[in-house]
Amino acid sequence: MEDVQPGDGILWAESLKGDAEAFGLLYDRHRDRVFRHAYRLAGGSQDAEDTTASAFLELWRRRESVKLVDGSILPWLLVTTTNTARNLQRAKARHRRLLAAIPRRSEADAHLDPAHSSLASSMNEEVAQALAVLKPLDLKLVSLVVFEELPLPAAAEALGLSHGAARVRMHRARQKLKAALPGSLHTAYASALKGDPS
């Protein structure tokens, strides 16, 4: 005897009551069709997978407003898949435009005065060499306090240190950096490297 599967209307009604198995049956029934539609629109299997997943997520998220057509949920899913694929393509196009608009290092350097560019480059190298003398935890602490301008108590909390331990570490790290930095950079970093690290 042939096993008769319940229609979408019954499965959807059961899904709305919280029956995960009924929703799973709807997914199994329509997933391949939704995927093929998404693949035609998105043009790649990864994007089609993402679009398919999003369509079924939307089905559940917007369950109060979902309308069955001739007792089938498929038309609603296909329309949602079309909209989702279109939104995905627009988002990818925006992302490509954004990446294209970001100046590459050579382009950015071309806009700088050549003397300033080489000075900045040598300063960066000297600062990197000076920072290399620090232990990893001290480097994180200095990065948060000196470069990111986080208050020492907040940096200590972020790194799991007591305030006292962070003060001691910061004081020692500043002394090491002062010794490691060339004289020309002491002025540039004087305010960050001096004083009480509270």
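As shown above, the structure is provided for reference.
Overview of the structure. (Residues numbered from 1 in each chain as written. Predicted model: local features only at pLDDT ≥ 70, side-chain atom pairs only at ≥ 80, totals over all residues. Heavy atoms only, no water.)

## Here's the deal with the packing of aromatic side chains
Aromatic ring pairs are reported here in terms of the distance separating the ring centres and the angle at which the planes meet. Applying the stated criterion across every chain, the model contains 4 aromatic pairs. With a centroid separation of 4.7 Å and an interplanar angle of 65 degrees, the aromatic rings of Y27 and F56 are classed as edge-to-face. With Y27 in helix α2 (residues 20-42) and F56 in helix α3 (residues 45-61), the pair connects residues that are 29 residues apart, well separated along the chain. Arranged with centres 6.1 Å apart and planes meeting at 35 degrees, the rings of F35 and Y39 form a pair that is tilted. Here Y39 and F35 lie together in helix α2, a separation of 4 residues that amounts to about one turn. (Phe/Tyr/Trp six-rings, centres within 6.5 Å; stacked < 30°, edge-to-face > 60°. Helix = DSSP H or I, 4+ residues; strand = E, 2+ residues; numbered from the N terminus.)

## Some remarks on the pattern of salt bridges
Summed over all chains, the structure comprises 6 salt bridges. Residue E58 is joined to R61 by a salt bridge in which the shortest nitrogen-to-oxygen separation is 2.7 Å. Of the two residues, E58 and R61 both sit in helix α3, 3 residues apart, roughly one turn of that helix. R169 is the partner of D138 in a salt bridge, and the nearest nitrogen-oxygen pair spans 2.6 Å. (Salt bridge = Lys/Arg side-chain N within 4 Å of Asp/Glu carboxyl O.)

## Observations regarding the packing of helix α8 (residues 152-159) against helix α9 (residues 163-180)
Relative orientation of the contacting elements α8 and α9 amounts to 105 degrees, with a least axis distance of 9 Å. Here α8 is positioned roughly perpendicular relative to α9, judged by the angle of their axes. Taking contact as the criterion, the partners of L152, P153 and A156 in α8 are, on α9, H163, A166, R167 and M170. Within the contact of α8 with α9, the residues separate by chemical class into 5 nonpolar, 1 polar and 1 charged. (Axes fitted to C-alpha atoms, helices over the stretch in contact; angles between N-to-C directions. Parallel < 35°, antiparallel > 145°, perpendicular 65-115°, else oblique. Contact = heavy atoms within 4.5 Å. Nonpolar A, V, L, I, M, F, W, Y, C, P; charged D, E, K, R; others polar.)

## Things to note about helix α1 (residues 8-16)
Listing the buried residues of α1 in full gives D8, L11, W12 and S15. Projection of α1 onto a plane perpendicular to its axis shows the buried side chains occupying an angular sector of 100 degrees, all on one side. The first or second residue beyond α1 is G18, which carries a positive phi of 100 degrees. (Buried < 20%, exposed > 50% of the residue type's maximum accessible area, 1.4 Å probe, protein only. Arc of directions from axis to C-beta.)

## Topic: the side chain of D138
Following the sequence through the fold, D138 ends up in helix α7 (residues 136-147). For D138, a relative accessible area of 6% gives the class buried. Those residues in contact with D138 that lie beyond four places of it in its chain are R169 and A173.

## Thoughts on the nonpolar core
Counting residues in hydrophobic clusters, the biggest one holds 16 residues, and the most contacted among them are L141, V142 and M170. Mapped onto this core, the elements with two or more residues apiece are α6 (114-131), α7, α8 and α9. Not counting the four nearest positions on each side in its chain, L141 is found in contact with L152, A155, L159, A166, R169 and M170. Counting 15 residues, the second-largest nonpolar core is a separate cluster that includes W12, A22, F56 and L74. (Core = buried A, V, L, I, M, F, W, Y, C linked by side-chain atoms within 4.5 Å.)

## Observations regarding the packing of α1 against α2
Taken N-terminus to C-terminus, the directions of α1 and α2 make an angle of 140 degrees; their axes are 7 Å apart at the nearest point. One finds that α1 runs oblique with respect to α2. Pair α1 / α2 crosses with left-handed handedness. For the pair α1 and α2, the contacting residues are D8, L11, W12, E14 and S15 in the first and A22, F23, L25, L26, R29 and H30 in the second. Residue composition of the contact of α1 with α2, by class: 6 nonpolar, 2 polar and 3 charged. (Left-handed = near helix turned anticlockwise from the far one by under 90°.)

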